[in-house]
Amino acid sequence: MIFVKDVGQYGIIKDKPAYDLPINAWSDGMNVRAFENAIQKFTGHRQALGTPTVAPYFLLPIKTTTDALWVYCGATAVYVTQGSLTGTHKNITRSSGAYSAGTTAQNWSGLVFGGVGILNNGTDVPQQWSVDFSTPSLLTDLSNWQTGVTCKAISGFKNFLIALDVSKTVGVTTTRYPRLFKWSHSSSSNAVPSSWDENSSSLDAGEYSLESTQGHILNAQALKDSLIITKEDGLWGASHIGPPFIFRFYEISQQFGALSKHSMVETELGIVIFGTDDIVLCDGQTVKSITTRKMRRYIYNAIDATNYVNSFVVLNQPHSEVWFCFPQSGATFADRAVTWNYKENTFGIRELPATPHISRGVVNPSDVVTWAESGSWNSDLETWDSKVYNPAQNRLMLADAGGTKLQLLDTTNQFDSSDYTAYVERTGLHLDDPSQIKLVKKVHLNMEKTGDASGDIEVMVGASNSPEEAVTWSGPYSFDPETQNKIDTLVSGKYLGLRIQSSSNVGWRLNSYAMDVANNGVD
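In this text, all values refer to a predicted model and were calculated from it rather than measured experimentally.

(A) Structural detail: the overall build of the protein chain. On a plain count of helices and strands, the protein chain comes out with one helix and 39 strands. Relative to the globule expectation of 24 Å for 523 residues, the C-alpha radius of gyration of the protein chain, 25 Å, shows essentially globular dimensions. Based on the C-alpha atoms only, the size of the protein chain along its principal axes is roughly 85 × 50 × 35 Å. Among the 523 residues that make up the protein chain, the fraction classed as buried is 58%. When contacts within the protein chain are restricted to residue pairs at least 6 apart in sequence, long-range pairs at least 24 apart make up 62% of them. Carbon and sulfur atoms make up 45% of the accessible area of the protein chain, which totals about 20300 Å². Of note, the protein chain has its 40 positive side-chain charges centred 2 Å away from the centre of its 52 negative side-chain charges.

In structure tokens form, the structure reads like this:
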């Protein structure tokens, strides 16, 4: 009997040959994650917060002392919803009318600064919103913004607003400064900055151009007392030092550039960056790869060569995950997510609908779902027969532009009320003796099941006689963890395989398995 425990220790590893993996690693999978030394089917998503008025391309959650709001940006209009099962959606587009067209592909960025919502689409003047849902004001041009100036991205650091990749218009001439880092005067509490005048010696406002490489600045993200700045071909850092220079700038790397505007996120380990040819972790001084010899080739061979700019990352803190979302070849928006558990250093893979953006924020308590399924997973995000609202916990919300929906992630066992296929697979199991022909007679599975009691889990057992030979699969064998603990089979070969899958409204978790294997001679 070959017993395999800790089946989630490594997760899915696509960049190594299957025969070269540890026995408890997985060579393939879809819609599964590694979590707490187990493999489990990804929970799905469902529509939330009612139906958006326009197709959403960017989401900005805003939490007040009394409410949880979600602002969503369309191609030319902006709306806000308080959230409920039916949903009330209110138009907060500026009074002068529609925003510039062509803002659907990762042009929007935004933040909450001093209690004020800030939005920017890279073409129009940055916008501000005084947060109030009952009688919402419309978006207005950012107060004290300089005339004739626009920027491709806007961020915040301490008491400063930061404009990145700046264009300036004088008369009829517009000049773009793609490597310019521009900061405001230090703002007072609960207010936007009073000035952006870089020429005034009495103000903190200023500008600095990051000219060591030709790449454009993409965005900036705070990391403790530093600011990490991504370019297309490098990484920089900035720290606040006060007058007269205000900021100190330093180069971190010319080896790693960011893939897109929304390609970095902070974790407890540092800033994770979805780079141009690798995914790296930056501590503010150094960078190191997290995907090399694991998922790097898989990701960069799959990503669309034109629409890679629509890739993005998002933090899924309840599961200690970072999701690297990207469009596969032929897709416009992200339709695949490779997920990294940064505490366990494991990878999973999940399908997405065509997704321009995912954000994390609090879901309004009026948008609640209650389950009546049996069972409870201590390691799962939700306890069954419980509410999804937790005012202290951020949830992932997906902008489904194609379906004109807001989708709440990590909930239910379906994708928007439709069943989906989830599987995990291991091939190339030679059990340290590739010359020996093995005969598999039984497979014992330590599994848990939630969701539809009638939903099927299927098991397949396979074998081949060389690493290059296609696996011949036996099955599928229907398996119910509530009534069974094994499946019987007769499969022989030098290299064994195991596949566990489902295509129904059922959730499952694999904790360990064992194969009853007999020697069947040497070829």
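(B) Inspection of the pairing of strand β16 (residues 173–183) at higher detail. Sheet topology places strand β15 (residues 160–170) next to β16; eight bridges connect them, and they run antiparallel. Within the sheet, the bridge partner assigned to L164 lies in β16 and is F181. Remark: two residues form the turn of the hairpin made by β15 and β16, two consecutive strands paired antiparallel; G171 in that turn has positive phi of roughly 65 degrees. With four bridges connecting them, β16 and strand β17 (residues 206–209) associate as antiparallel partners. Pairing of L180 across the sheet is with S209, part of β17.

(C) Highlighting the pattern of salt bridges. According to the stated counting rule, one finds 18 salt bridges in the structure shown. In this structure, the salt-bridge partner of D278 is R296, at a minimum N-O distance of 3.9 Å. One end of the pair, D278, is in the loop between β23 (270–274) and β24 (279–282); the other, R296, is in helix α1 (residues 296–302), with 18 residues separating them in the sequence. Classification of R296 by relative accessible area gives partly exposed; the value is 30%. For D416, the salt bridge is made with K405, and the minimal N-O distance between the two is 2.6 Å. Of this pair, D416 sits in the loop between β32 (405–409) and β33 (422–429) while K405 is found in strand β32, placing the two residues eleven residues apart along the sequence. With a relative accessible area of 22%, D416 lands in the partly exposed category.

(D) How the structure looks around the sheet that holds strand β22 (residues 264–267). Taken together, four strands build an open sheet; the order of strands is β22-β23-β24-β25 and the sheet is antiparallel. The two strands at the open ends of the sheet, each matched to only one other strand, are β22 and β25 (287–289). Across the sheet, the axes of successive neighbouring strands diverge by a mean angle of 25 degrees, strand direction being ignored. With four bridges joining them, β22 and β23 adopt antiparallel strand pairing.

(E) Looking closely at the packing of aromatic side chains. The tally for this structure, following the rule as stated, stands at 20 aromatic pairs. Here the aromatic rings of F160 and F247 are separated by 5.2 Å at their centres, their planes lie at 65 degrees, and the arrangement is edge-to-face. Residue F160 is found in strand β15, and its partner F247 is found in strand β21 (residues 246–253); the two are separated by 87 residues along the sequence. Across this residue pair, the class does not change: F160 and F247 are buried. On the numbers, 5.1 Å between centres and 75 degrees between planes, the contact of W183 with F247 is edge-to-face. Of this pair, W183 sits in strand β16 while F247 sits in strand β21, and the two are 64 residues apart along the sequence. Taken individually, W183 and F247 each receive the classification buried, so the pair is uniform in this respect.

(F) Summary view of the nonpolar core. Ranked by internal contacts, the top residues of the largest apolar core, which has 56 residues, are F274 and Y513. It is strand β39 (residues 506–522) that provides the largest number of residues to this core, a total of five residues. With residues up to four places along the chain from it excluded, the contact list for Y513 reads I2, F3, V4, V7, I23, W26, L429, H444, L445 and L498. With 17 residues, the next largest nonpolar core counts A153, F160, L210 and A220 among its residues.

(G) Highlighting the environment of S187. Within the secondary structure layout, S187 lies in the loop between β16 and β17. Taking relative accessible area as the criterion, S187 reaches 9% and is therefore assigned buried. Residues S187 and E425 lie 238 residues apart in sequence; the distance between their C-alpha atoms is 54 Å.

(H) Representation of the pairing of strand β3 (residues 32–35) within the structure. Here β3 shows two buried faces, one formed by V32 and A34 and the other by R33 and F35. Taken together, the four bridges between β3 and strand β4 (residues 38–41) define a ladder with antiparallel strand orientation. The residue bridging V32 from the neighbouring strand is K41, located in β4. Between β3 and β4, which follow one another and run antiparallel, lie two residues, and E36 among them has a positive phi close to 50 degrees.

(I) Seen up close, the sheet that holds β32. Ordered in space as β5-β32-β31-β30, the four strands form an open sheet in which the pairing is antiparallel. The sheet is open, and its two borders are formed by β5 (45–47) and β30 (357–361), each paired with just one other strand. Shown here is a sheet whose adjacent strand axes are inclined to one another by a mean of 30 degrees, direction ignored. With four bridges connecting them, strand β31 (residues 395–400) and β32 associate as antiparallel partners. Opposite A399, over in β32, you have L406 as the bridge partner.

Rules used throughout
Residues numbered from 1 in each chain as written. Predicted model: local features only at pLDDT ≥ 70, side-chain atom pairs only at ≥ 80, totals over all residues. Heavy atoms only, no water. Helix = DSSP H or I, 4+ residues; strand = E, 2+ residues; numbered from the N terminus. Rg over C-alpha atoms; globule rule 2.2 N^0.38 Å. Buried < 20%, exposed > 50% of the residue type's maximum accessible area, 1.4 Å probe, protein only. Contact = heavy atoms within 4.5 Å. Areas by Shrake-Rupley, 256 points an atom, 1.4 Å probe, with all protein chains shown as cover. Lys, Arg positive; Asp, Glu negative; His and termini not counted. Charge placed at Lys NZ, Arg CZ, Asp CG, Glu CD. Pairing = 2+ DSSP bridges. Salt bridge = Lys/Arg side-chain N within 4 Å of Asp/Glu carboxyl O. Axes fitted to C-alpha atoms, helices over the stretch in contact; angles between N-to-C directions. Phe/Tyr/Trp six-rings, centres within 6.5 Å; stacked < 30°, edge-to-face > 60°. Core = buried A, V, L, I, M, F, W, Y, C linked by side-chain atoms within 4.5 Å.

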